[in-house]
Amino acid sequence: MSFFTTPAWAALPFLASGPVTAIAESAVDPFASAHSEIWSNVSGGEKRGTVSTQHLHFGVALDLERLIGWRGATLRNAWHAPLGRDLSGEYVGNHLTISNVAAHRSLYLYELWLQQSFAGDTLSLRLGQLAADAEFATTEYGSLFINSAFGWPPFLSGNLPNVGPAFPKGAPGLRLAFTPTPEWTLQSAVYQGDPFADEESYNGTRWKLDSAIGVTWLNELHYGWNQQEESSALPGIAKLGIWYQSANIEDPSSHHVHSGNYGAYLIVDQMIYRKRDAPADQGIGWFCRIATNPHERNFISRYLDTGFRWKGALPGRENDELGLAFAYAGLSKSAQEQLREEGARDPGAEMLLELTYRYQCTSWCALQPDLQYVIRPGGTADYRNAVVLGLRLALEF
């Protein structure tokens, strides 16, 4: 069976004509977003101070079926350009980074992949520069929050080499997704084991596959309920994930070398309240992620985050979102021993509370004041608990 349909190919010599131009425009989807933030550590942490953080994200998605007649094929290219400064690194001294768009100043290749779908969307294969945080360990209701812990979670970013194939740069890889029914999805992806530090891969474009860096393998099984728009029951989804990193890894305290690394996690998103006749996405949603990883080969061995997002909490503000969330990152026994050897006081766990409100000014502009309370920055008693205030301006096109 050919993946190409004759009419689209036949039209290629006439790209300047009106109908074909309209097809090309509908098949080409450019996108861009910009964030500008100001953050202040008003109490605790390493020291008081204020920084500004900026970020650009842009790219294009192509529907190759509409564009050139290649059935079930899509192409995506996306870039990140972080700017400004990182409050966590400069003033707070915590692991759960205050801003999820803070990174070294550079232009990073995030995604450059080709996807082929079969039998509709039942089966899809994606190949190229992939971003694991776009598909794995995600939570719908947690995406409101600004602290990086509620995005690409610390049980992965803190344990994979150079945070793994996630913001701000992806890594070469292959992803397979299978959705036999609307309720069930199984997805599995393998990535280059190390996206490399900026000194070795300044733009995220170093592709190297060998046994020394190994591969990162992520797997998730999803089960969703009450997902149909016409369903009167409240929707939810559960995700069971397992990850494996094949490279040798050194115990943080004993320096014993282990063969490979691994962990498991569970994610639940559940809407718990919705007004009668309200849009499907409006109401109170609850999320929870819990993870466990071996003590002897990871920095973070126990992790939990949970929270609530209320969309349309205020009358007349149906698109605004109010959120409250908590995160707990337990340092492994090996990491605690290493920190004690380095002189840290009472290492154990870092925790975080975040209260935020996203005010949707227009369809493309939002303001988001944010309050974060960091408990035991760095997972030790070296610094007092920190109070952080911030404001984000988000533009999306």
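Coordinates for the structure precede this section.
Residues numbered from 1 in each chain as written. Predicted model: local features only at pLDDT ≥ 70, side-chain atom pairs only at ≥ 80, totals over all residues. Heavy atoms only, no water.

1. Points about the packing of aromatic side chains
All chains considered together, the criterion is met by nine aromatic pairs. Seen from their ring centres, Phe 145 and Phe 150 are 5.3 Å apart, and the 50° between their planes marks the pair as tilted. Pair check on accessibility: Phe 145 and Phe 150 agree, each one buried. Ring geometry for Trp 364 and Phe 397: centres 5.9 Å apart, planes at 25°, overall stacked. Taken together, the residues Trp 364 in the loop between strand 14 (349-360) and strand 15 (365-375) and Phe 397 in the segment after strand 16 (384-396) connect sequence positions 33 residues apart. Of the residues examined, Trp 364 reaches a relative accessible area of 43% and is grouped as partly exposed. Ring-pair connections join several aromatic residues into one group, and the members of that group are Phe 145, Phe 150 and Phe 287. (Phe/Tyr/Trp six-rings, centres within 6.5 Å; stacked < 30°, edge-to-face > 60°. Buried < 20%, exposed > 50% of the residue type's maximum accessible area, 1.4 Å probe, protein only. Helix = DSSP H or I, 4+ residues; strand = E, 2+ residues; numbered from the N terminus.)

2. Regarding unusual backbone geometry
With an omega of 5°, the peptide bond between Phe 167 and Pro 168 qualifies as cis. If you trace the backbone, Pro 168 turns up in the loop between helix 5 (154-157) and strand 6 (171-178). A positive phi is found at Asn 226, a non-glycine position, where the angle reads about 55°. Checked against the element boundaries, Asn 226 lands in the loop between strand 8 (215-225) and strand 9 (236-250). The partly exposed category is assigned to Asn 226, whose relative accessible area is 28%.

3. A closer look at helix 6 (residues 333-341)
Listing the buried residues of helix 6 in full gives Ser 334, Ala 335, Gln 336 and Leu 339. Those residues of helix 6 that are buried lie in contact with strand 13 (321-331). Gly 343 lies just past helix 6 and shows a positive phi near 100°. (Contact = heavy atoms within 4.5 Å.)

4. Some details on the nonpolar core
Of all hydrophobic cores here, the largest spans 45 residues; its most connected members are Leu 87, Leu 156, Leu 218, Tyr 265 and Tyr 303. The element that contributes the greatest number of residues to this core is strand 13, accounting for four residues. (Core = buried A, V, L, I, M, F, W, Y, C linked by side-chain atoms within 4.5 Å.)

5. So, the side chain of Gln 115
Examined against the element boundaries, Gln 115 turns out to sit in strand 4 (residues 108-118). With a relative accessible area of 11%, Gln 115 lands in the buried category. Of note is the side chain of Gln 115, whose polar atom sits 2.9 Å from the side chain of Arg 175. Residue contacts for Gln 115: discarding those within four places in its chain leaves Gly 72, Ala 73, Thr 74, Ser 124, Leu 125, Arg 126 and Arg 175. (Polar contact = N/O pair within 3.5 Å; in protein donor to acceptor, adjacent residues only side chain to side chain.)

6. Topic: the pairing of strand 9
Strand direction decides the pairing type here: strand 8 and strand 9, joined by 10 bridges, are antiparallel. For Leu 221, the partnering residue across the bridge sits in strand 9 and is Leu 240. Where strand 9 lies against strand 10 (residues 257-273), 13 bridges are found, and the strand directions are antiparallel. Within the sheet, the bridge partner assigned to Ile 249 lies in strand 10 and is His 258. (Pairing = 2+ DSSP bridges.)

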